[in-house]
Amino acid sequence: MSKTSNPRKHLQKNNETTTDSSASLQGVIVKALSGYYYVQPQHDRISSSTVQCRARGVFKNRGLTPLVGDDVLYVPTENGEGTVVELLPRHSELIRPAVANVDLAILVFSVHEPALNLQLLDKFLLHIEHAGIQPVLCLSKQDLSHDPNSKESLQEEALKSIEEVTRIYSNLGYEIYGTSSVEHEGISPLHERLKGHVSVFAGQSGVGKSSLLNALVPGLTLETNEISNRLGRGKHTTRHVELIDIGGGYVADTPGFSQLDFTELGISDLAYGFIEMRELAPECKFRGCSHVQEPGCAVLEQLAAGKIEASRHEHYITFLAELKDQKRRY
Ligand SMILES: Nc1nc2c(ncn2[C@@H]2O[C@H](COP(=O)(O)OP(=O)(O)O)[C@@H](O)[C@H]2O)c(=O)[nH]1
Ligand SMILES: [Mg+2]
Ligand SMILES: [Zn+2]
């Protein structure tokens, strides 16, 4: 029996509205490129093959654009491809990078090379908190703290970084993972943490994000030690987001939160992004207290009592000045 002799199939091919939606399957968009959406079937997560899909025109009419990370319903078509017929509700939406349903951000900082920068750490945390995503701290390159070949001063600095981050940030309730991609240390606890989530890895260039992903996913060979992706290495390398299946979860292969400016933040968002200030704000005498010099400020009281880390408040004040300066320029 030839395929075209089946009248129903014939209809399907020529008129997508007759597609039987009850035959739809669920999946996740893991890549979007040139009008195609690559859907990883939910029922078949073991095999790595994705289904190349077009989206129904009806999305555009409703102003909906499917994003990488979206949970969708799709209907397989005859040629082995598919049609995305429904977008399931989104839990979150990141703009840069454009990914839906990210719920975990792994904030990577190296214990050395590049040296630990607590101000940058607080800036990343602020943006992640603002995006409503759960942050997880990862202190990478831990091997540098005990590498017998490295200088003693370097080892000391690495140890100091570990001690400082642990003291400040675990007191605030943040989870901290220590890793070494070189020694493959701490990789599986991090892997466990990523399961069941769509994550982005954030952190400055050179901290070891790509190396970590390569260590987490057997067979993955992301380029490491990239100098800069500002100009792109070839004319044909268009930057697109892709989700990497890490076995029980997905990670977006993008330098997450690449633009850390304050354009999207207001003054109250700043205090919200510092969790200790968010918690104390209701106890301040004035509503909308900016925790800079107001009388009866609970944050300033706790700071004076040594219960709020000085570096945290310092960075908050610095960001506040930057934000005000940025607003003035517009
Ligand atoms: N000692 C040590 N070096 C590392 C580790 N992970 C990455 N590196 C090195 O750090 C540099 C930057 O790594 P890469 O993964 O490209 O960082 P990314 O820019 O954050 O993606 C490379 O030279 C890596 O070899 C680690 O665990 N230990
Ligand atoms: Mg990289
Ligand atoms: Zn206050």
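Coordinates for the structure precede this section.
Keep in mind that this is a model prediction, so the values were computed, not measured.

Okay, the packing of helix α3 (residues 118–130) against helix α10 (residues 310–328) next. Running from N to C, α3 and α10 cross one another at 70°; their axes reach a closest spacing of 10 Å. Between α3 and α10, the crossing angle belongs to the class labelled roughly perpendicular. At the point where α3 passes α10, the crossing takes the right-handed sense. Side by side, α3 and α10 meet where Leu 118, Gln 119, Asp 122, Lys 123, Leu 125 and Leu 126 of the first sit next to Ser 311, Arg 312, His 315, Thr 318, Phe 319 and Glu 322 of the second. Residues belonging to the contact of α3 with α10 are distributed by class as follows: four nonpolar, four polar and four charged.

This part takes up the packing of aromatic side chains. Tallied over the entire structure, the rule returns five aromatic pairs. Ring geometry for Tyr 36 and Tyr 38: centres 6.5 Å apart, planes at 50°, overall tilted. When its relative accessible area of 16% is taken as the criterion, Tyr 38 is described as buried. Ring centres of Phe 274 and Phe 319 lie 6.2 Å apart, and the angle between their planes is 45°; this geometry places the pair in the tilted category. With a gap of 45 residues between them, Phe 274 in the loop between α7 (267–273) and α8 (275–280) and Phe 319 in helix α10 connect regions that are remote in the sequence.

The next subject is the coordination of the zinc ion (ligand 3). Within the protein, the atoms that donate to the zinc ion (ligand 3) are Cys 284 (SG), Cys 289 (SG), His 291 (ND1) and Cys 297 (SG), at distances of 2.1 to 2.4 Å. Bound by four donor atoms, the zinc ion (ligand 3) shows angles of 106 to 114° at the metal and therefore tetrahedral coordination geometry. Here the donor residues of the zinc ion (ligand 3) share one chain and are spaced in sequence as C-x4-C-x1-H-x5-C. Of the two residues, Cys 284 sits in the loop between α8 and α9 (298–304) while Cys 297 sits in the loop between α8 and α9, which places them 13 residues apart along the sequence. On the accessibility criterion, Cys 284 (7% relative accessible area) is buried. A residue is classified by how much of its surface remains accessible, and Cys 297, at 2% relative accessible area, is buried.

This part covers helix α6 (residues 209–216). Quick reminder: α-helices carry 3.6 residues per turn. Residues three or four places apart thus point the same way. The complete set of buried residues in α6 reads Lys 209, Leu 212, Leu 213, Ala 215 and Leu 216. Axial view of α6: buried residues confined to an arc of 160°, hence all on one face.

Thresholds, definitions, all that
Residues numbered from 1 in each chain as written. Chains lettered and ligands numbered in written order. Predicted model: local features only at pLDDT ≥ 70, side-chain atom pairs only at ≥ 80, totals over all residues. Heavy atoms only, no water. Axes fitted to C-alpha atoms, helices over the stretch in contact; angles between N-to-C directions. Helix = DSSP H or I, 4+ residues; strand = E, 2+ residues; numbered from the N terminus. Parallel < 35°, antiparallel > 145°, perpendicular 65-115°, else oblique. Left-handed = near helix turned anticlockwise from the far one by under 90°. Contact = heavy atoms within 4.5 Å. Nonpolar A, V, L, I, M, F, W, Y, C, P; charged D, E, K, R; others polar. Phe/Tyr/Trp six-rings, centres within 6.5 Å; stacked < 30°, edge-to-face > 60°. Buried < 20%, exposed > 50% of the residue type's maximum accessible area, 1.4 Å probe, protein only. Donors = N, O, S within 2.8 Å, 3.2 Å for Na, K, Ca; no water. Tetrahedral: all angles 85-135°; square planar, octahedral: opposite > 155°, others 65-115°. Arc of directions from axis to C-beta.

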